[in-house]
Amino acid sequence: MYLPPHDPHVDDPMRFKPLFRIHLMERKCATVECMYGHKGPHNGHIQIVKKDEFSTKCNQTDHHRMSGGRQEEFRTWLREEWGRTLEDIFHEHMQELILMKFIYTSQYDNCLTYRRIYLPPSSPEDLIQPGLFKGTYGSHGLEIVMLSFHGKKAKGTKITGDPNIPAGQQTVEIDLAHPLQLPDIENLRDFSELSRIVLEVQEQVRREEQEQQQEEEEHSQQAASQPASPLGGKGAEGEETAAGAEGTTQDKAPASQPFVLPMGVISRNEDYPRSCRICFYGTGLIAGHGFTSPERTPGVFVLFDDDRFGFIWLELKSFSLYSRIKVPFQNAQAPSREAFDEMLKNIQSLAT
C-alpha cells in the first residue's frame, strides 16, 4: 500500500506499507500471509476473481486487533496515518471526519479487492505530464488524484476517497478552452473580485453549451431530412477541433505571474508557490456525507509548474494544493487510449 505523506506536506515522498506476501512452493502450490496489523505475518488467502482483479482475505483477523481495544487501534492509526495524536486535533468537525474515515477503512481490513489502474496516456498537446498527484482536502487530509487530459478538458479523478466523495469520482474538471485572466496581485486578494471573474466565465460557458446543444439538434434534424454527404462532413469538424486544441497548447505557457490566495480562502498548506503559469475555469465536485446531494461547483485551476497545481473551490472558500507522485510505477501504462477511458468509466461506476 502506498500511503500519502502526513497532512499537509504534499511535497514529501509517499510511504510504503506491505499488506500481504506470497511464498511460491513446489508443484505450483503457494502460501499466503497477511501483513496487516502489528502482530506479524499470519495466515491469509488470495483469489483471482477475473482478469485484472483479485481479492485477499485474512484468516486470522484477531491479529489485527489490539489489547487496548478500538480506542488503542484508533490512536495508533491516527499516529501512523496522520502523524498526530487525538489531543492535537481541537476542531470538533475534523475529529468527526477522521473518526468516520477510521471506521470506514478498518471495517474492511480483513477482505480487500484489488483492481488494476492504468496511468493516463500523454500527448505533446498536454498542459503538463499527466499522472498521480497528492492533494490537500481540508479536514479529510491528503488524497491521491489522477490528472488526465481529454482534448479541451482535463480531469482529476480520485484514486483514494473520503466519507463525502468516494474514490473513482471526478473531483475536478478543468476547461482548457477558458483560461482566466487573474487581476493584479492587490485586487487578487479581494475574494469578491475573483468570484466575479469566475462567475462571468461560468455564465459564458453555460451560454456556449446551450448554443452548441441547439446547433447539434438543428444539425441532427437537417441530417434526418437530407441525404448524407459522401464525405459525411466530419473532416472539417475534426480539423476545427484539432486547431482549437493546438491553439490552446500554443497559449498554455505565458510568462509566470504573481499569485496569492484571496483573503478568506482557507488553505491547509500555506507554503504554496507565490507565482503561477496560467489559470483556467473549472468545476469541483462537492457532496454531503455518504456522497449525498453531489453537485459540481465553479472554481479556479492554477498551474504552478510541471509538478504542482492548485484548485480554488469558490463555494467552499477553500484551496487544494497538489504535488506530483514521483514513484516509478512499472507496467502501469495503458495498452491504448480506449483501455484507459474504459478503466476510468469502470472505477466511477464502482464508486456510484
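Note that the coordinates shown come from a computational prediction; the quantities given were computed from them, not determined experimentally.

### Some words on the domain arrangement of the chain
Looking at the assigned domains, one finds that the chain contains domain 1 (2–115) and domain 2 (131–204 + 254–350). Domain 1 and domain 2 are separated by 28 Å when their C-alpha centres are compared. At the junction of the two partners, domain 1 supplies 21 residues and domain 2 supplies 23 residues. Here domain 1 meets domain 2 over a buried area of about 1900 Å², counting both sides, of which 66% is carbon and sulfur. Remark: the boundary between domain 1 and domain 2 carries 2 salt bridges. One salt bridge connects Asp7 with Arg268, and the closest N-O pair in it is separated by 2.4 Å. Taken together, the connections running from domain 1 to domain 2 amount to 6 residue pairs in polar contact (both at pLDDT 80 or more). At 7 residues, helix α2 (residues 92–106) tops the list of elements feeding residues into the side of domain 1 that touches domain 2. Per-class residue counts for the side of domain 1 that touches domain 2 are 12 nonpolar, 2 polar and 7 charged.

### A word on the sheet that holds strand β7 (residues 111–115)
Whether parallel or antiparallel, the strands of a sheet pair through hydrogen bonds between backbone atoms. Ordered in space as β3-β4-β5-β6-β7, the 5 strands form an open sheet in which the pairing is antiparallel. Both outer strands of the open sheet, β3 (20–24) and β7, are each paired with one neighbouring strand and no more. Pairs of neighbouring strands in the sheet enclose a mean axial angle of 30°, with direction left out of account.

### Some points on the pairing of strand β17 (residues 308–313)
Extensive coverage of β17 is indicated by the burial of 5 of its 6 residues. Where strand β16 (residues 292–305) and β17 come together, 6 bridges link them in antiparallel fashion. Directly across from Asp305, in β17, lies its bridge partner Arg308. What sits between the antiparallel neighbours β16 and β17 is a turn of 2 residues. Examined bridge by bridge, β17 and strand β18 (residues 318–324) share 6 bridges and lie antiparallel to one another.

### Focus on unusual backbone geometry
For the bond from Asp7 to Pro8, the omega torsion is 0°, close enough to zero to count as cis. Relative to the elements of secondary structure, Pro8 occurs in the loop between β1 (2–3) and β2 (15–16). At Asp52, a position not held by glycine, the phi torsion is positive, near 65°. Tracing the backbone shows Asp52 in the loop between β5 (42–50) and β6 (53–58). When its relative accessible area of 29% is taken as the criterion, Asp52 is described as partly exposed. Phi is positive for Phe291, close to 60°, though the residue is something other than glycine. Mapped onto the fold, Phe291 is located in the loop between β15 (278–288) and β16.

### Concerning the environment of His23
Along the chain, His23 falls in strand β3. With 10 residues separating them in the primary sequence, His23 and Glu33 have C-alpha atoms 8.2 Å apart. With residues up to four places along the chain from it excluded, the contact list for His23 reads Cys29, Ala30, Thr31 and Glu33.

### With respect to helix α4 (residues 191–225)
Here α4 contains 35 residues, and its C-alpha end-to-end distance of 51 Å stays within 8% of the 51 Å for a straight helix at 1.5 Å per residue. Check the buried side of α4 and you find it contacts β11 (170–180), α3 (185–188), β15, β16 and β17.

### A word on the packing of aromatic side chains
Each aromatic ring pair is characterised by the separation of its centres together with the angle its planes make. What the rule picks out here adds up to 19 aromatic pairs. Centre to centre, the rings of Phe20 and Phe54 are 6.1 Å apart; their planes meet at 80°, and the pair counts as edge-to-face. Highlighted residues: Phe20 in strand β3 and Phe54 in strand β6, separated in sequence by 34 residues. Residue classification places Phe54 among the partly exposed positions, given a relative accessible area of 25%. Ring centres of Phe259 and Phe304 lie 5.5 Å apart, and the angle between their planes is 75°; on these two criteria the pair is classed as edge-to-face. Linking Phe259 in the loop between β12 (257–258) and β13 (266–267) with Phe304 in strand β16, this pair joins segments that are 45 residues apart in sequence. Grouping residues by exposure puts Phe259 and Phe304 together as buried. Every member of this aromatic cluster is reached through a ring pair, and the members are Phe133, Tyr137, Phe301, Phe309, Phe311, Trp313 and Tyr322. Sitting over the ring of Tyr36, Lys17 keeps its end group 5.2 Å from the ring centre. Geometry around Tyr137 places Lys158 over its ring, the cationic atom sitting 4.5 Å from the centre.

Calculation notes
- Residues numbered from 1 in each chain as written.
- Predicted model: local features only at pLDDT ≥ 70, side-chain atom pairs only at ≥ 80, totals over all residues.
- Heavy atoms only, no water.
- Domains from an automatic or database assignment.
- Contact = heavy atoms within 4.5 Å.
- Buried area = accessible area lost by both parts, 1.4 Å probe.
- Salt bridge = Lys/Arg side-chain N within 4 Å of Asp/Glu carboxyl O.
- Polar contact = N/O pair within 3.5 Å; in protein donor to acceptor, adjacent residues only side chain to side chain.
- Helix = DSSP H or I, 4+ residues; strand = E, 2+ residues; numbered from the N terminus.
- Nonpolar A, V, L, I, M, F, W, Y, C, P; charged D, E, K, R; others polar.
- Pairing = 2+ DSSP bridges.
- Axes fitted to C-alpha atoms, helices over the stretch in contact; angles between N-to-C directions.
- Buried < 20%, exposed > 50% of the residue type's maximum accessible area, 1.4 Å probe, protein only.
- Expected span 1.5 Å × (residues − 1).
- Phe/Tyr/Trp six-rings, centres within 6.5 Å; stacked < 30°, edge-to-face > 60°.
- Lys NZ or Arg CZ within 6 Å of the ring centre and 35° of its normal.

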